[in-house]
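The residues making up each chain are set out below.
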Amino acid sequence: MVLTTKKLTLAEYLKYNDGTDTKYELVNGELIPMSLGTGKHGGITKFIERSFDDEIVRIGINWTSQKFSVGVRSPRGGRWDTSRIPDVTVLPIEQWEALANREAIIELDEPPPILVVEVVSESTKTTDYRSKRSEYAVLNISEYWIIDPIDEVVIVCCLSEGFYDAVSFRDEERIISQIFPELNLSAMQVLQARK
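What this report covers is the structure whose coordinates are included nearby. Note that the coordinates shown come from a computational prediction; the quantities given were computed from them, not determined experimentally.

## Thoughts on the state of the cysteines
Move 1: Scanning the model with the defined rule gives 0 disulfides in all.
Move 2: Sulfur of Cys-157: no disulfide; nearest cysteine sulfur belongs to Cys-158 and is 7.6 Å away.

Spelled out as structure tokens, the structure:
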């Protein structure tokens, strides 16, 4: 669903305020409202953010996991700007702190996030599987998780020579991550949002 017909630049997007609490992604200059999502979507997102934060603390690395808080500028084709807001973004603490006093958007000339996660809903399925997958690969994001409660699968996409190699995990299969190699979560735990 497209809210506006007038194309916006990134600068206009950053200043945009329609007087509501609606969050928008900017896709080819158009505002795309982000739905609140189901309770299940929210539960999975919170669960994965906490799981990543727990693992970050356990291994003692200077990263953070942020839910719905970081925009990622995309080099999508065409002349209009695109900025995505992943459900969960893992990035170095220093990069997160550098966003404290400006719009929390990682620009094209900045290092990409380490890992991003999208939780699929009926309205975002095609975008999560196709558009975002290719955009995140072009940005050199090392790992992209697609958590799909509709098809009951967790897909981990690892960057290799500019493209993502994807591995699907279902049921009690332990999720294998290059970024978090010792993370001990099954697909079912993630999809049910509980350990």
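## Side note on the packing of aromatic side chains
Move 1: Per the stated rule, a full pass over the model turns up 6 aromatic pairs.
Move 2: With 5.0 Å between their ring centres and 25° between their planes, Phe-52 and Phe-180 make a pair best called stacked. Here Phe-180 lies in the loop between strand 11 (163-169) and helix 5 (187-192) and Phe-52 lies in helix 2 (residues 39-59), a separation of 128 residues in the sequence.
Move 3: Judged by its relative accessible area of 0%, Phe-52 is buried.

## Considering a negative patch on the surface
Move 1: Judged by side-chain charge, Glu-152, Asp-171, Glu-172 and Glu-173 come together as a negatively charged surface patch.
Move 2: One can find Glu-173 in the loop between strand 11 and helix 5.
Move 3: Owing to a relative accessible area of 40%, Glu-173 belongs among the partly exposed residues under this scheme.

## Here we look at the layout of surface pockets
Move 1: When its volume is computed, the second largest pocket comes out at roughly 410 Å³.
Move 2: For the second largest pocket, the lining is made up of 20 residues, of which Tyr-13, Lys-23, Tyr-24, Ile-85 and Glu-103 are closest to its centre.
Move 3: Elements with a contribution of two residues or more to the lining of the second largest pocket: helix 1 (10-15) and strand 1 (23-27).

## With respect to the sheet that holds strand 8 (residues 115-119)
Move 1: Pairing is mixed across the open sheet formed by 6 strands, whose spatial order is 3-6-8-9-10-11. The sheet terminates laterally at strand 3 (63-67) and strand 11, the two strands that pair on one side only. Adjacent strand axes in the sheet meet at a mean angle of 20° when their direction is disregarded.
Move 2: Relative to the sheet, helix 2 contacts strand 3, strand 6 (88-92), strand 8 and strand 9 (143-148), its axis offset from that of strand 3 by approximately 170°.
Move 3: Helix-sheet contacts for helix 4 (residues 125-138) involve strand 8, strand 9, strand 10 (153-160) and strand 11, and the interaxial angle to strand 9 is about 175°.

## Quick notes on helix 4
Move 1: For helix 4, which comprises 14 residues, the first-to-last C-alpha distance of 20 Å matches the rise-based estimate of 20 Å (1.5 Å per residue) to within 8%.
Move 2: Along helix 4, the sharpest change in direction is near 35° and occurs at Lys-132.
Move 3: Among the residues making up helix 4, those that are buried are Asp-128, Lys-132, Glu-135, Tyr-136 and Ala-137.

## Section: the environment of Thr-22
Move 1: As for its position among the elements, Thr-22 is in the loop between helix 1 and strand 1.
Move 2: A sequence separation of 19 residues divides Thr-22 from His-41, and the C-alpha atoms of the two residues are 17 Å apart.

## Focus: unusual backbone geometry
Move 1: Backbone geometry places Glu-152, a non-glycine residue, at a positive phi of 55°.
Move 2: Among the structural elements, Glu-152 can be located in the loop between strand 9 and strand 10.
Move 3: For Ala-193, which is not a glycine, the phi torsion comes out positive at approximately 60°.
Move 4: With respect to the helices and strands, Ala-193 occurs in the segment after helix 5.

## Comments concerning the side chain of Glu-143
Move 1: Position of Glu-143 among the secondary structure elements: in strand 9.
Move 2: In terms of polar contacts, Glu-143 uses its side chain to reach the side chain of Trp-145, at 2.8 Å.
Move 3: Apart from residues lying up to four places away in sequence, Glu-143 is in contact with Ile-114, Leu-115, Val-116, Val-156, Cys-157, Cys-158, Ser-177, Gln-178 and Ile-179.

## Quick word on the side chain of Gln-95
Move 1: You can see Gln-95 is positioned in helix 3 (residues 93-98).
Move 2: Exposure remark for Gln-95: the relative accessible area of 13% places this residue in the buried category.
Move 3: What Gln-95 contacts, discounting residues up to four positions off in sequence, is Ile-106, Glu-110, Pro-111 and Pro-112.

What counts as what
Residues numbered from 1 in each chain as written. Predicted model: local features only at pLDDT ≥ 70, side-chain atom pairs only at ≥ 80, totals over all residues. Heavy atoms only, no water. Disulfide = S-S within 2.5 Å. Phe/Tyr/Trp six-rings, centres within 6.5 Å; stacked < 30°, edge-to-face > 60°. Helix = DSSP H or I, 4+ residues; strand = E, 2+ residues; numbered from the N terminus. Buried < 20%, exposed > 50% of the residue type's maximum accessible area, 1.4 Å probe, protein only. Patch = residues over 30% accessible without salt bridge, like charges linked within 9 Å, V, L, I, M, F, W, Y side chains within 5 Å. Areas by Shrake-Rupley, 256 points an atom, 1.4 Å probe, with all protein chains shown as cover. Salt bridge = Lys/Arg side-chain N within 4 Å of Asp/Glu carboxyl O. Lys, Arg positive; Asp, Glu negative; His and termini not counted. Charge placed at Lys NZ, Arg CZ, Asp CG, Glu CD. 1 Å grid on protein atoms, 1.4 Å probe; cavity = no way out; pocket = protein on both sides within 12 Å on 5 of 7 lines; lining within 4 Å. Points joined across faces, edges and corners; volume = space filled by probe spheres on them. Pairing = 2+ DSSP bridges. Axes fitted to C-alpha atoms, helices over the stretch in contact; angles between N-to-C directions. Contact = heavy atoms within 4.5 Å. Expected span 1.5 Å × (residues − 1). Bend = angle between axes of the 7 residues up to and from the residue. Polar contact = N/O pair within 3.5 Å; in protein donor to acceptor, adjacent residues only side chain to side chain.

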